[in-house]
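Here is how the chains run, residue by residue.
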Amino acid sequence: MAKFKAIRGTRDVLPEEWPYWDHIERAIRKVTALYGYRKIATPILEETGLYVRGVGQGTDIVDKEMYTFEDRGGRSLSLRPEFTAGIMRAYLENGLHVQPKPVKLYSVGPIFRYERPEAGRYRQHTQFNVEAIGEQDPALDFEVIALALHLFREIGLTGTRLQINSTGCPRCRPQYVSQLTEYYSTRLDVVCSDCRRRFERNPLRLLDCKVPQCQPVIAEAPNIRAHLCSECRQHFETLLSYLDAASVPYEVNPRLVRGLDYYTKTVFEVWVQGIGSQNAICGGGRYDGLIEELGGPPTPGIGFGSGIERLVLTLQEQNVPVASPSAPAVFLAHLGEEAKRVALEMVQAFRAEGIPALVSFGERSLKAQLRDANRVGARVVVVIGEEELRDGRFQLKWLDRGEQTSVPREQVILSVKQELRGVALD
Ligand code: HAM
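Heads up: these notes are all about the structure in this document. If you're wondering where the values come from, they're calculated on a predicted model, not measured in any experiment.

## So, the environment of Ser306
Link 1 in the chain: Relative to the assigned elements, Ser306 resides in strand 11 (residues 301–307).
Link 2 in the chain: For the pair Ser306 and Gln127, spaced 179 residues apart in the sequence, the C-alpha separation amounts to 5.3 Å.
Link 3 in the chain: Sequence-distant contacts of Ser306, defined by excluding residues within four places in its chain, comprise Thr126, Gln127, Phe128, Phe152, Ile281, Cys282 and Leu311.
Link 4 in the chain: At 2.5 Å, the side chain of Ser306 forms a polar contact with the backbone oxygen of Ile281.

## Points about the sheet that holds strand 2 (residues 45–47)
Link 1 in the chain: Here we have 3 strands laid out as an open sheet, ordered 2-4-3, and antiparallel in their pairing. Two strands in the sheet have a free side with no partner beyond their single neighbour: strand 2 and strand 3 (68–70). Between one strand and the next, the sheet's axes are offset by a mean angle of 40°, whatever the strand orientation.
Link 2 in the chain: When strand 3 meets strand 4 (residues 76–79), the two strands line up antiparallel, connected through 3 bridges. Residue pairing in the sheet places Glu70 in a bridge with Ser76 of strand 4.

## Section: the site of the ligand
Link 1 in the chain: Contacts to the ligand come from 27 residues, most closely from Glu82, Glu115, Tyr122, Arg258 and Tyr263.
Link 2 in the chain: The separation between a nitrogen atom of the ligand and a polar side-chain atom of Glu131 is 2.9 Å.
Link 3 in the chain: Elements with a contribution of two residues or more to the shell around the ligand: strand 6 (124–133), strand 10 (280–286) and strand 11.
Link 4 in the chain: Residue contributions to the shell around the ligand peak at 6 residues, all from strand 10.
Link 5 in the chain: Each residue belonging to the shell around the ligand can be placed in one class, and the counts come to 9 nonpolar, 11 polar and 7 charged.

About the thresholds
Residue numbers run consecutively from 1 along every chain, following the written order of its sequence. Residues qualify for local features only when their pLDDT is at least 70, as the model is predicted, and side-chain atom pairs are given and counted only at 80 or more; totals for whole chains, interfaces and linings, by contrast, use all residues. Hydrogens and water are ignored here; the side-chain numbers use all heavy atoms of the structure. Only runs of H or I of at least four residues qualify as helices and only runs of E of at least two qualify as strands under DSSP, and these elements are numbered from the N terminus. Two residues form a contact once any of their heavy atoms are found within 4.5 Å. Polar contact is defined as a pair of N or O atoms within 3.5 Å, subject to the rule that within protein one atom must be able to donate a hydrogen and the other to accept it, and that residues adjacent in sequence are counted only when both atoms are side-chain atoms. Pairing between two strands requires that DSSP report at least two bridges joining them. Note on geometry: axes are lines fitted to C-alpha atoms, helical ones only across the stretch in contact, with angles between N-to-C directions running from 0 to 180 degrees. Proximity is defined per residue: any heavy atom of the residue falling within 4 Å of a molecule or strand makes that residue near it. Under the scheme applied here, ten amino acids are nonpolar (Ala, Val, Leu, Ile, Met, Phe, Trp, Tyr, Cys and Pro), four are charged (Asp, Glu, Lys and Arg), and all others, including Gly, are polar.

Here is the structure:
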């Protein structure tokens with residue numbers, strides 16, 4: 001056995017899985033173009049302080065999950081545990097705020113979190129991330145949510161459930177949080193130990209606990225919707241009215257609180273059944289105070305992230321067909337040194353014509369070469385042996401219909417091309 005293994009919580013994406021990733025990537029390119037988003041890539045490494053400031057002390061991400069280390073120059077760096085803070089840093093640093101608002105950006109790339117690995121939850125995952133910056137109109141919340149749902153439809157997912165909530169703003173949330181802590185203060189003996197910690201560090205997350213013993217306490221907890229200030233309530237109601245008008249189904253979920261501190265007003269997730277407990281294929285919301293928190297001018301924003309591994313798992317679970325790359329059309333078999341030279345030249349000529357072609361390596365029997373051709377799914381084998389070279393006519397063995405033809409050497413490519421015409425070659 002090999003000496004090394006992939007790090008726990010990381011995985012290899014093998015060739016068989018790539019058609020799913022390509023399928024999703026095509027849909028991402030299409031949908032982001034339809035909604036006017038442009039691509040941005042930021043470094044995987046950022047200053048640790050960016051996330052402490054942006055995502056927030058007291059969140060699981062910052063307290064327990066970041067891959068943080070000191071570089072050789074003594075700086076504290078972290079592998080990005082999410083996209084948003086880094087995108088906002090780039091927005092400010094590169095002066096993107098001078099562009100027409102909202103500035104719409106998307107990214108795809110790896111994210112690192114030291115979480116407990118399980119199906120659909122990894123320590124390195126890949127996110128499709130979207131941010132729309134500089135506009136507070138709830139119509140933008142609607143559009144960002146519509147984009148997420150459009151993508152999931154486009155890739156062929158069914159059974160998605162949009163969960164939506166408002167977690168208020170710095171004006172109304174503190175009041176709600178104090179009500180919530182007051183309510184929990186008399187129930188700390190019946191909740192789990194994690195909840196006792198949340199009570200101290202991040203009370204809103206109490207509502208997100210999955211432990212059975214905490215469920216009755218959550219069910220009776222005060223509802224944030226009743227505590228929103230008029231601006232937040234108005235924003236939320238307007239957003240819901242836009243969703244209603246567009247007949248987008250949603251569930252208002254007063255327990256939906258997100259694991260990052262920057263959210264204000266709208267928060268949402270999209271859930272899907274079938275990938276175990278990690279059923280969120282998308283999560284996001286508004287972050288109207290984040291840019292200011294990072295030293296920029298007051299600037300609202302909204303976005304979401306979607307885990308591509310979870311999308312792949314769901315596509316597989318739902319048996320969604322995806323296009324696979326076509327098998328190489330042509331296989332060149334050769335017998336003898338001179339034939340091999342001719343085969344090497346001809347395989348390049350096929351490729352130059354845009355026809356996927358393979359050539360046999362090593363010196364192998366014709367039988368073994370035909371077996372290889374079958375295995376890779378080739379449609380036709382060009383057989384080049386001493387006799388063929390002498391006669392100037394090559395054998396074409398059509399594997400799909402078990403026929404064999406003999407064609408003058410200089411007509412081989414043309415003849416194969418004509419035969420394959422009508423078959424998609426990409
Ligand atoms: P998040 O909810 O932490 O939000 O992550 C977004 C999505 O990434 C999740 O819904 C899930 O699909 C996927 N995901 C998260 N953690 C894992 C994991 N360990 N393994 C596999 N997939 C995972 C954010 O990160 C926010 N920055 C999203 C955002 C953008 N909000 C505003 N703009």
